[in-house]
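Residue-level listing of the chains:
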Amino acid sequence: QQPVQSPQAVILREGEDAVINCSSSKALYSVHWYRQKHGEAPVFLMILLKGGEQKGHDKISASFNEKKQQSSLYLTASQLSYSGTYFCGTEFHFKAAGNKLTFGGGTRVLVKP
Amino acid sequence: NAGVTQTPKFQVLKTGQSMTLQCAQDMNHEYMSWYRQDPGMGLRLIHYSVGAGITDQGEVPNGYNVSRSTTEDFPLRLLSAAPSQTSVYFCASSTTGIVGYGYTFGSGTRLTVV
């Protein structure tokens, strides 16, 4: 029931764009996105709750296609600070119902000058 | 505002030893969970709790016990440490009262079992 992320790794030049995909085999209640720098804890970026809803965090945005059970994270005009590993996490229910947040395997992003 | 605090930050255990990883949060979050992260891998859910007195298993619960006697604390116990439990352990918390609220992670405990 873990979501599947692709690609596994991306190398970008500063200013370039990238897309990270997250897909589930089961209907989703929500999709989370987190970024983890080397040796640090994951940091929450955004959560998407409705199908087709897009959210943004700086120049990082995401979409959620509820029917396809997929989410995509868009890194636009990438900056050096965007380097790290991005994880999507999926929930099948809301938290109070005994929900579990399970994570994909991660996408390593390296932004070069 | 400390957020989620994990102790210790580093620990070396011998095979067969037991220990407790501590996790405390000061945000009055109802939901708390434990994850392990192996090198180059994603996060795998060990146990979680939706409130004091309520716990449930995640994806990889074998070899670990949890209890939740207060809202603030959610300790993880390793019963008999094995080398396969060498990993980085993260505690996370969130509120169930606000829709669309993310999870806050602690800084992690790096555990080596020799």
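As the structure is a prediction and not an experimental result, all values here were calculated from the model.

Caption draft 1: Fine view of the interface of chain A and chain B. Contact with chain A, which involves 24 residues of that partner, is made by 25 residues of chain B. Here chain A and chain B share an interface that buries about 1,800 Å² over both sides, 60% of which is from carbon and sulfur atoms. Here chain A and chain B share zero salt bridges between them. At the boundary of chain A with chain B, the tally comes to six residue pairs in polar contact (both at pLDDT 80 or more). For the side of chain A that touches chain B, the secondary-structure elements that each account for two or more residues are strand 4 (30-36), strand 5 (43-48), strand 9 (84-91) and strand 10 (102-103) of chain A. Among the elements that make up the side of chain A that touches chain B, the one with the highest residue count is strand 4 of chain A (three residues). Of the residues assigned to the side of chain A that touches chain B, the class counts are eleven nonpolar, nine polar and four charged.

Caption draft 2: Structural context of the pattern of salt bridges. All names here are of chain B. Counted by the stated rule, this structure contains two salt bridges over all chains. Measuring nitrogen to oxygen at the nearest pair gives 2.9 Å for the salt bridge that ties Arg-36 to Asp-38. This pair shows no difference in class: Arg-36 is buried, exactly as Asp-38 is. Two residues, Asp-38 and Arg-44, come together in a salt bridge whose shortest N-O distance is 2.6 Å. A relative accessible area of 16% places Asp-38 in the buried class.

What counts, and at which threshold
Residues numbered from 1 in each chain as written. Chains lettered and ligands numbered in written order. Predicted model: local features only at pLDDT ≥ 70, side-chain atom pairs only at ≥ 80, totals over all residues. Heavy atoms only, no water. Contact = heavy atoms within 4.5 Å. Buried area = accessible area lost by both parts, 1.4 Å probe. Salt bridge = Lys/Arg side-chain N within 4 Å of Asp/Glu carboxyl O. Polar contact = N/O pair within 3.5 Å; in protein donor to acceptor, adjacent residues only side chain to side chain. Helix = DSSP H or I, 4+ residues; strand = E, 2+ residues; numbered from the N terminus. Nonpolar A, V, L, I, M, F, W, Y, C, P; charged D, E, K, R; others polar. Buried < 20%, exposed > 50% of the residue type's maximum accessible area, 1.4 Å probe, protein only.

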